[in-house]
Amino acid sequence: MPSSCSIRALWILNNQDTVVFSRRFSVVERRWSVACKKANEKSTDNQDSSVLFSSLPTDLELAAAFADRKKREGSAHGYGIRVKQSIQGSDSWVDDPIMRHIVSLHVKKEEDGEDHTFWPFVLHTKGQYYILVLPFVEPVHFKAYSIICRRPDCGNAVGVDGSLSSLLLQLPCITGAFMVAHVLGDIITSDIPEPEVVVSAAPSVGGLLDSLTGSIGISARPKPVAAPVAASTNSSTVAGSSGSLDSPKIGPRNPEKDALRSFISTAMPFGTPLDISYSNISAIRTSGFSSADVPPVDSKQPAWKPYLFKGKQRLLFTIHEIVNATMYDRDEIPDSLSISGQVNCRAELDGLPDVLFPLKGLNSKQVEILSFHPCAQVPEQQGGDKQSVMFSPPLGNFVLLRYQAYCSLGIPIKGFYQLSMVSENEGAFLFKLSLMEGYKSPLTMEFCTVTMPFPRRKVLAFEGTPSIGTVSHTDHSVEWKIITSGRGVGAKSIEATFPGTVKFAPWKTQRPATSGSLQGIIAEEDSDTEMESANNMVNVEEYLMEKMNKDLPAVDLEEPFCWQAYNYAKVSFKMGGTSLSGMTIDSKSVNIFPSAKVPVEFSTQVHSGDYILWNTLGKVPVAATPKN
């Protein structure tokens with residue numbers, strides 16, 4: 001957690017632009033007011049001093065400003081680049097994609113009737129909710145942004161003085177605000193993820209809460225019931241007091257709101273985030289402390305480990321990698337493949353030990369980005385393939401480090417996919433794939449499936465026999481199971497081909513699409529209802545997603561990433577044995593201080609992410625890359 005992070009206020013809005021929860025931190029707001037007063041006193045330019053405004057917007061003012069921004073920018077997150085519709089002072093005028101996530105709002109204050117700019121709002125979308133977090137920044141940084149968003153020149157060169165990237169590098173509070181926004185999104189959607197750690201066999205491999213209670217020897221103690229937290233009228237607002245009277249107030253259920261209030265009051269008192277681990281906060285509030293939970297005298301107990309472990313010791317590491325790939329099979333467009341990985345850990349160790357181990361596979365040509373958990377101490381890398389990592393582990397499962405890397409073993413699945421429409425309702429396709437070419441033991445592929453999605457066409461039948469595997473179909477897809485789950489194969493090259501045809505139900509009658517108009521794609525049937533829905537919809541992304549769920553030809557959507565919905569196939573697979581990036585941990589080289597004999601287990605998992613085979617015979621979206 002960045003040490004200089006303070007939050008002025010936060011808001012949660014639903015998809016109808018109604019504030020369903022808000023919280024203001026008066027201590028941080030007083031700091032902002034004092035800083036604004038000093039900055040205005042030092043300023044000699046009246047116009048320069050007028051950009052600072054000390055009063056936070058009300059929920060109604062913020063909701064109106066957010067809805068206005070969605071209309072102006074085209075969607076909640078906006079364009080991210082300067083377009084023809086961009087106006088000076090708007091987020092898209094800055095011409096930087098980061099402005100899709102770090103946004104500004106122009107609020108019309110009722111007290112003076114003038115527009116005031118508030119920045120930087122960290123915007124995070126989770127489910128049907130928008131989370132806006134406003135961190136504290138110094139007035140000098142706010143004034144610098146005010147200049148950037150009104151510059152006539154286009155573009156944002158990285159590292160250049162006066163650029164947005166240079167400004168954001170001076171603001172660690174942005175990172176902290178993102179962390180707060182993400183955990184709030186998990187709480188309101190009841191989606192609290194736990195990093196997966198693979199174990200061979202163990203009696204107590206339950207969830208994180210189980211490890212925080214049963215495994216550390218406090219499950220027998222009566223668990224106190226947390227007293228309900230009353231909502232503060234001057235700092236916390238629920239749906240009943242926000243939004244217009246005629247708009248439905250849909251928001252988090254009361255248990256989620258209670259969880260939000262409880263978490264905020266404990267994790268970030270007075271607006272300063274201390275420990276935003278939801279599992280830690282929940283365990284403390286659920287189980288409390290007893291006289292047996294005495295902190296150690298000889299060492300300082302870190303915030304991420306509120307309880308000391310008691311039980312059978314062991315140390316588990318799992319490398320989890322997601323492979324994203326885009327295959328074009330075209331000479332003019334290069335294929336791309338990247339790996340997003342993380343090292344998950346579960347350290348069931350007595351006391352407050354330190355763990356030291358060498359991390360292998362850090363070749364600078366393979367690993368691009370590397371970030372560690374706050375519990376880790378990592379010396380500056382001097383180059384080479386190894387990196388010593390020391391950490392004081394928290395309880396339960398946690399992510400020790402995350403990284404972005406290239407594949408060091410070659411492309412796991414390569415080949416091509418071709419589809420051509422031989423008639424309006426029939427297409428001929430061909431797959432030719434090569435699996436695990438050049439791979440060696442201990443790599444294994446547990447399953448591999450190729451799916452041809454047809455979201456706008458109903459599949460009536462298909463013909464064709466693959467060289468390996470089985471085929472099935474649903475109303476809107478054809479699925480080819482090359483390797484079925486439970487029948488994994490070792491590291492050997494597999495050639496797979498699948499020629500065939502697919503037959504669709506006839507098209508529905510459509511109006512011709514009007515260029516530049518979303519309403520031109522509406523089908524004849526139910527046109528009045530859909531036209532009304534389109535007129536009420538201000539979020540372009542939501543409207544497109546609604547249309548894409550209909551049985552319509554995607555080509556009429558005029559959306560660059562939706563050319564002919566049947567122009568790609570998606571590959572899903574799972575592999576084990578070793579990582580594709582070359583990242584690894586030698587379990588025999590792990591040292592624990594103070595010295596203890598603890599079994600160490602290490603495993604790897606490799607899953608496919610967005611692994612796309614674009615139709616060689618169709619249109620494809622591609623980003624131009626600069627030439628060296």
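Residues numbered from 1 in each chain as written. Predicted model: local features only at pLDDT ≥ 70, side-chain atom pairs only at ≥ 80, totals over all residues. Heavy atoms only, no water.

**Some points on the confidence of the model for the protein chain**
- Mean pLDDT over the protein chain: 76, with 73% of residues reaching 70 or higher.
- Per-residue pLDDT stays below 50 along residues 201–249; that stretch engages in 99 contacts with residues further than four places along the chain or on separate chains. (pLDDT = per-residue confidence, 0-100. Contact = heavy atoms within 4.5 Å.)

**Quick word on the packing of aromatic side chains**
- Using the criterion set out here, one finds 18 aromatic pairs in the structure.
- With a centroid separation of 4.6 Å and 15 degrees between ring planes, the pair formed by Tyr417 and Phe431 is classed as stacked. Here Tyr417 is found in strand 14 (residues 413–423), whereas its partner Phe431 is found in strand 15 (residues 426–435), with 14 residues between them in sequence. Across this residue pair, the class does not change: Tyr417 and Phe431 are buried.
- On the numbers, 5.0 Å between centres and 80 degrees between planes, the contact of Phe429 with Phe498 is edge-to-face. Placement of Phe429 in strand 15 and of Phe498 in strand 21 (residues 494–504) is noted, with a sequence separation of 69 residues between them. With respect to burial, Phe429 and Phe498 carry one shared label: buried.
- Three or more aromatic residues joined by ring pairs form one cluster here, namely Tyr417, Phe429, Phe431, Trp480 and Phe498.
- Cation over ring: Arg31 sits above Phe136, and NZ or CZ is 4.4 Å from the ring centre. (Phe/Tyr/Trp six-rings, centres within 6.5 Å; stacked < 30°, edge-to-face > 60°. Helix = DSSP H or I, 4+ residues; strand = E, 2+ residues; numbered from the N terminus. Buried < 20%, exposed > 50% of the residue type's maximum accessible area, 1.4 Å probe, protein only. Lys NZ or Arg CZ within 6 Å of the ring centre and 35° of its normal.)

**Re helix 5 (residues 139–148)**
- Extensive coverage of helix 5 is indicated by the burial of seven of its 10 residues.
- When helix 5 is considered as a whole, its buried residues turn out to be Pro139, His141, Phe142, Lys143, Tyr145, Ser146 and Ile148.

**Considerations on the nonpolar core**
- With 45 residues, the main nonpolar core has Trp119, Val133 and Phe263 as its most contacted residues.
- For this core, the element with the most residues is helix 7 (residues 173–188), which contributes nine residues.
- Dropping the residues within four chain positions of it, Val133 is found in contact with Ile7, Ala9, Leu10, Pro120, Phe121, Val122, Ala177, Val180 and Ala181.
- Counting residues in each nonpolar core, the second largest holds 40 residues, with Ile413, Val478, Ile482 and Leu580 among its members. (Core = buried A, V, L, I, M, F, W, Y, C linked by side-chain atoms within 4.5 Å.)

**Overview of the pairing of strand 16 (residues 444–453)**
- Alignment of strand 16 against strand 20 (residues 489–490), held across two bridges, turns out to be antiparallel. Looking at strand 20, one finds that Met445 is bridged to Val489.
- Taken together, the seven bridges between strand 16 and strand 22 (residues 568–576) define a ladder with antiparallel strand orientation. Each residue of the ladder has a partner; that of Val450, found in strand 22, is Val571. (Pairing = 2+ DSSP bridges.)

**Quick notes on the sheet that holds strand 17 (residues 459–463)**
- Across the sheet, which stays open at both edges, the four strands sit in the order 14-15-21-17 with antiparallel pairing between neighbours. Looking at the sheet topology across the chains shown, the edges are occupied by strand 14 and strand 17. Strand-to-strand twist across the sheet, computed as the mean angle between neighbouring axes with direction ignored, equals 20 degrees.
- With 10 bridges connecting them, strand 14 and strand 15 associate as antiparallel partners. Each bridged residue has a counterpart across the sheet, and for Met421 the counterpart in strand 15 is Gly427. (Axes fitted to C-alpha atoms, helices over the stretch in contact; angles between N-to-C directions.)

**Concerning the packing of helix 1 (residues 26–42) against helix 5**
- For the pair helix 1 and helix 5, the least separation of the axes is 9 Å and the interaxial angle reads 70 degrees. As far as their axial angle goes, helix 5 and helix 1 are roughly perpendicular. On helix 5, the residues touching Trp32, Ala35, Cys36 and Ala39 of helix 1 are Pro139, Phe142 and Lys143.
- The residue makeup of the contact of helix 1 with helix 5, split by class, is six nonpolar, no polar and one charged. (Parallel < 35°, antiparallel > 145°, perpendicular 65-115°, else oblique. Nonpolar A, V, L, I, M, F, W, Y, C, P; charged D, E, K, R; others polar.)

**Observations regarding the pattern of salt bridges**
- In total, this model carries 13 salt bridges according to the counting rule given.
- Notably, a salt bridge pairs Glu73 with Arg72, separated by 3.9 Å at the nearest N-O pair. In this pair, the class of Glu73 matches that of Arg72, namely buried.
- We note a salt bridge from Lys574 to Glu446, for which the minimum N-O separation is 3.6 Å. Separated by 128 residues along the polypeptide, Lys574 in strand 22 and Glu446 in strand 16 bring together distant segments of the chain. (Salt bridge = Lys/Arg side-chain N within 4 Å of Asp/Glu carboxyl O.)

**Regarding the environment of Gly78**
- With respect to the helices and strands, the residue Gly78 is situated in the loop between helix 3 (59–73) and helix 4 (91–94).
- Sequence-wise, Gly78 and Ser92 are 14 residues apart; in three dimensions their C-alpha atoms are separated by 7.1 Å.
- Setting aside residues up to four positions removed in sequence, Gly78 forms contacts with Arg69, Glu73 and Arg100.

**A look at helix 7**
- Its 16 residues give helix 7 an end-to-end C-alpha distance of 23 Å, which sits within 8% of 22 Å, the value for a rise of 1.5 Å per residue.
- Counted residue by residue, helix 7 has 12 buried out of 16 residues, so it is predominantly covered.
- Listed as buried for helix 7 are Cys173, Ile174, Gly176, Ala177, Val180, Ala181, Val183, Leu184, Gly185, Asp186, Ile187 and Ile188.
- Downstream of helix 7 by one or two residues, Ser190 has phi in the positive range, about 55 degrees. (Expected span 1.5 Å × (residues − 1).)

**Remarks on the pairing of strand 3 (residues 102–108)**
- In terms of burial, strand 3 is largely enclosed, as five of its seven residues are buried.
- In this structure, strand 3 lies alongside strand 4 (residues 115–126), joined through six bridges in antiparallel fashion. Bridged to Val107 within strand 4 is His116.

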